[in-house]
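Chain by chain, the residues:
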Amino acid sequence: MIKRTLKQVHEMAGGLNDITPFQSRVIQGVTIDSRTIKEGCLFVPLKGAQVDGHQYVKQALADGAAASFWQKDVPNPPNDLPLIIVENTEKALQELARSYRSELNIKVVGITGSNGKTTTKDMTAALLATTYKVHKTSGNFNNHLGLPLTVLSIEENTEAAVLEMGMSSRGEIEFLSNMAKPDVAIITNIGESHLLDLGSREEIANAKLEIVEGLAEEGVLIYHGDEPLLRNRIKRDFPDMKVISFGRTEQNDLFPQLITQGADSTTFTIACDGTEAEYAIPVLGHHNVLNALAAILAAKEFGVDDSSIRMGLSAIQLTNMRMEMVEGAKGQKIINDAYNASPTSVKAAVELIEGLSGFEKKILVLGDMLELGPQEKDFHLKIGELISSDRIDKVFTYGPLAEFIGKGASEAFSKENVRSFQDKQKLIAELEASTQVNDIILVKASRGMRLEEVVQALQK
Ligand SMILES: CC(=O)N[C@H]1[C@@H](OP(=O)(O)OP(=O)(O)OC[C@H]2O[C@@H](n3ccc(=O)[nH]c3=O)[C@H](O)[C@@H]2O)O[C@H](CO)[C@@H](O)[C@@H]1O[C@H](C)C(=O)N[C@@H](C)C(=O)N[C@H](CCC(=O)N[C@@H](CCC[C@@H](N)C(=O)O)C(=O)O)C(=O)O
Ligand SMILES: Nc1ncnc2c1ncn2[C@@H]1O[C@H](COP(=O)(O)OP(=O)(O)OP(=O)(O)O)[C@@H](O)[C@H]1O
Ligand SMILES: C[C@@H](N)C(=O)N[C@H](C)C(=O)O
């Protein structure tokens, strides 16, 4: 994590006041929450939706913070305290991170895309960690606050950083990429997330391609080559950029030849120097094979050898609620895929569970997919229509939009096998009553539905 004198921080972040009395004081680490103060850190008060962090500055310093920012337009800054007064504390945090990143001698992988950012980040970090000292985004800290906090937590002796970049409107990825300055950029895919803000998949693709704005001079773009919106735009606008594509089809630089889905792992083969190489990942889903291909390409760009890649893949641990296999109180298997949902990720999850065998009943519990814009009901209907009644036994939906999944499924399913709920407790009660030890249940919805609460209830 960052360790600098106040004099240095003042210069890096655009301090406005005279801090001579405190200039040799050293800060180590940064927090935006006074409830997580560590001795010697810099506290950055932010104006939030509920409160203004400035009301906690004194307490933060009393609890051990070495210094604090203070926004110029906030009245009554306390006297005789180690405060760096700045124009805007959020912008000062971002400037500090940008400046710190420029001083770090590290290689950076930047990852964006509609689905799979966090998963691909975890996979890429696992492969690089076989060879380098690696720092990666913690959880989902991937936006205008999360990324600077992640950069500022990078240790100076780090060799490689894997940084996730999230967005919901144009310009955000460009901003983050110019802060992270990646040597390798990955675009995992173009789905439907944030259609509400961006209006079309083409605009989503354009937003994700902003990641090249911060890409290093000799940088490499690794992208999902089955996506024509990416392939065509890259060919037209970035003809001289070094690009590598991955995907399911042979048009890509890297593609899987054979994928075998196990109950708790997935194996795949790829053509490698004229032979076929087989790899195994301890996670489920053909979509995670694609994420692994992107991670393999990034690792190869950093010179990670094949045996290390193989070892790294076998050691992958994903962030929770992404295809997380857990067990219910009755011993039933539950795939907790409740972190988020969009049509692309729901299709991938349904494809997985439809392909699994050896279970008494296979049950889908699907909640609303949010932020999809005016076509949202149609997106839900189409998901329902895709579900195979030969390979799925029951469909439970939760939420007003997911009811349209039920409507779409009702064509193929008998009435008693499609149930729509608006009350989470009633859904839980029905699942507790109707699932048994040899069943498997997939639970998936947008973050806003908090469907992990259903998983937690079934585990009690
Ligand atoms: C500004 C901030 O910290 N927000 C967090 C805060 O929310 P809120 O605005 O309600 O803050 P408060 O009003 O409660 O407090 C204001 C500040 O005061 C601090 N404070 C408060 C009390 C106290 O006793 N002491 C204090 O110091 C407080 O810390 C505030 O700084 O609290 C919420 C609940 O904890 C946080 O969730 C909220 O964090 C926001 C969401 C945030 O952006 N956090 C980043 C660190 C982050 O990266 N979070 C990720 C999720 C990122 C995400 O959603 N990514 C999207 C894509 C990006 C879309 C982008 N356009 C966007 O807007 O996000 C994705 O799809 O992945 C995470 O939490 O996982
Ligand atoms: N390549 C992919 N294609 C389709 N779905 C995917 C892919 N990778 C992951 N998913 C699914 O998308 C959901 C989110 O995964 P993950 O958190 O890795 O993506 P993310 O891009 O970080 O998501 P978010 O933008 O919501 O933070 C999970 O349900 C996961 O199963
Ligand atoms: C926070 C935002 N990027 C997001 O994940 N939205 C989904 C759709 C949600 O909150 O459910």
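For the structure, check the block above.
These remarks concern the structure in this document. It should be emphasised that the depicted structure is a prediction, and the values quoted were computed from it without experimental measurement.

Looking at where Glu-227 falls in the secondary structure, it is placed in the loop between strand 11 (220–224) and helix 9 (228–237). Only 2.5 Å separates the side chain of Glu-227 from the side chain of Arg-201, close enough to count as a polar contact. A distance of 3.0 Å separates a polar side-chain atom of Glu-227 from the backbone nitrogen of Leu-229. Each residue touching Glu-227, except ones within four places of it in the same chain, is listed here: Ile-190 and Arg-201.

Turning our attention to the pairing of strand 11. Judged by how many residues are buried, strand 11 sits mostly within the fold: 5 of 5 residues are covered. Residues Val-220, Ile-222 and His-224 point to one face of strand 11 and Leu-221 and Tyr-223 to the other, with burial holding for every one of them. Of the strand pairs in this sheet, strand 11 and strand 12 (residues 242–246) are connected by 5 bridges, and their pairing is parallel. Residue pairing for strand 12: Tyr-223 is matched across the bridge by Ser-245.

Now for the site of ligand 2. Taken together, 20 residues surround ligand 2, and among them Lys-117, Thr-119, Asp-337, Asn-340 and Lys-444 come closest. Asp-337 is positioned such that a nitrogen or oxygen atom in its side chain is 2.7 Å from an oxygen atom of ligand 2. Taken by itself ligand 2 offers 620 Å² of open surface, and the protein chains cover 94% of this. Within the residue set of the shell around ligand 2, elements represented by two or more residues are helix 4 (117–128), helix 10 (286–301) and helix 12 (343–355).

Glancing now at the packing of helix 10 against helix 11 (residues 306–314). It is the contact of helix 10 with helix 11, at a shortest axis distance of 11 Å, that shows an interaxial angle of 145°. The handedness of the crossing between helix 10 and helix 11 comes out as right-handed. Contacts between helix 10 and helix 11 involve Ala-292, Ile-296, Ala-299 and Lys-300 on the former and, on the latter, Asp-306, Ile-309 and Leu-313. Looking at the contact of helix 10 with helix 11 residue by residue, the classes come out as 5 nonpolar, no polar and 2 charged.

To continue, consider the site of ligand 1. Residues in close proximity to ligand 1 total 23 residues, the closest being Ser-34, Gln-50, Val-51, Asn-142 and Asn-143. With respect to ligand 1, the backbone of Gln-50 contributes an N or O atom lying 2.6 Å from an oxygen atom. Residue Asn-143 places a side-chain N or O atom 2.7 Å away from an oxygen atom belonging to ligand 1. Across the complex, the protein chains shield 67% of the 1,200 Å² of accessible surface that ligand 1 would expose by itself. Partitioned by chemical class, the residues of the shell around ligand 1 number 9 nonpolar, 11 polar and 3 charged.

On to the pattern of salt bridges, then. Applying the stated rule across the entire model yields 28 salt bridges. Among the salt bridges present, the one from Lys-242 reaches Glu-301, with a minimum N-O distance of 3.2 Å. With Lys-242 in strand 12 and Glu-301 in helix 10, the pair connects residues that are 59 residues apart, well separated along the chain. Residue classification places Lys-242 among the partly exposed residues on the basis of a relative accessible area of 43%. Judged by relative accessible area, Glu-301 falls into the partly exposed class, the value being 31%. Across the salt bridge formed by Lys-444 and Asp-337, the nearest N and O atoms sit 2.9 Å from each other. Residue Lys-444 is found in strand 21 (residues 440–444), and its partner Asp-337 is found in the loop between strand 17 (333–336) and helix 12; the two are separated by 107 residues along the sequence.

Analysis parameters
Residues numbered from 1 in each chain as written. Chains lettered and ligands numbered in written order. Predicted model: local features only at pLDDT ≥ 70, side-chain atom pairs only at ≥ 80, totals over all residues. Heavy atoms only, no water. Helix = DSSP H or I, 4+ residues; strand = E, 2+ residues; numbered from the N terminus. Polar contact = N/O pair within 3.5 Å; in protein donor to acceptor, adjacent residues only side chain to side chain. Contact = heavy atoms within 4.5 Å. Buried < 20%, exposed > 50% of the residue type's maximum accessible area, 1.4 Å probe, protein only. Pairing = 2+ DSSP bridges. Near = heavy atom within 4 Å. Areas by Shrake-Rupley, 256 points an atom, 1.4 Å probe, with all protein chains shown as cover. Axes fitted to C-alpha atoms, helices over the stretch in contact; angles between N-to-C directions. Left-handed = near helix turned anticlockwise from the far one by under 90°. Nonpolar A, V, L, I, M, F, W, Y, C, P; charged D, E, K, R; others polar. Salt bridge = Lys/Arg side-chain N within 4 Å of Asp/Glu carboxyl O.

On their own, these measurements won't tell you what the molecule is for.
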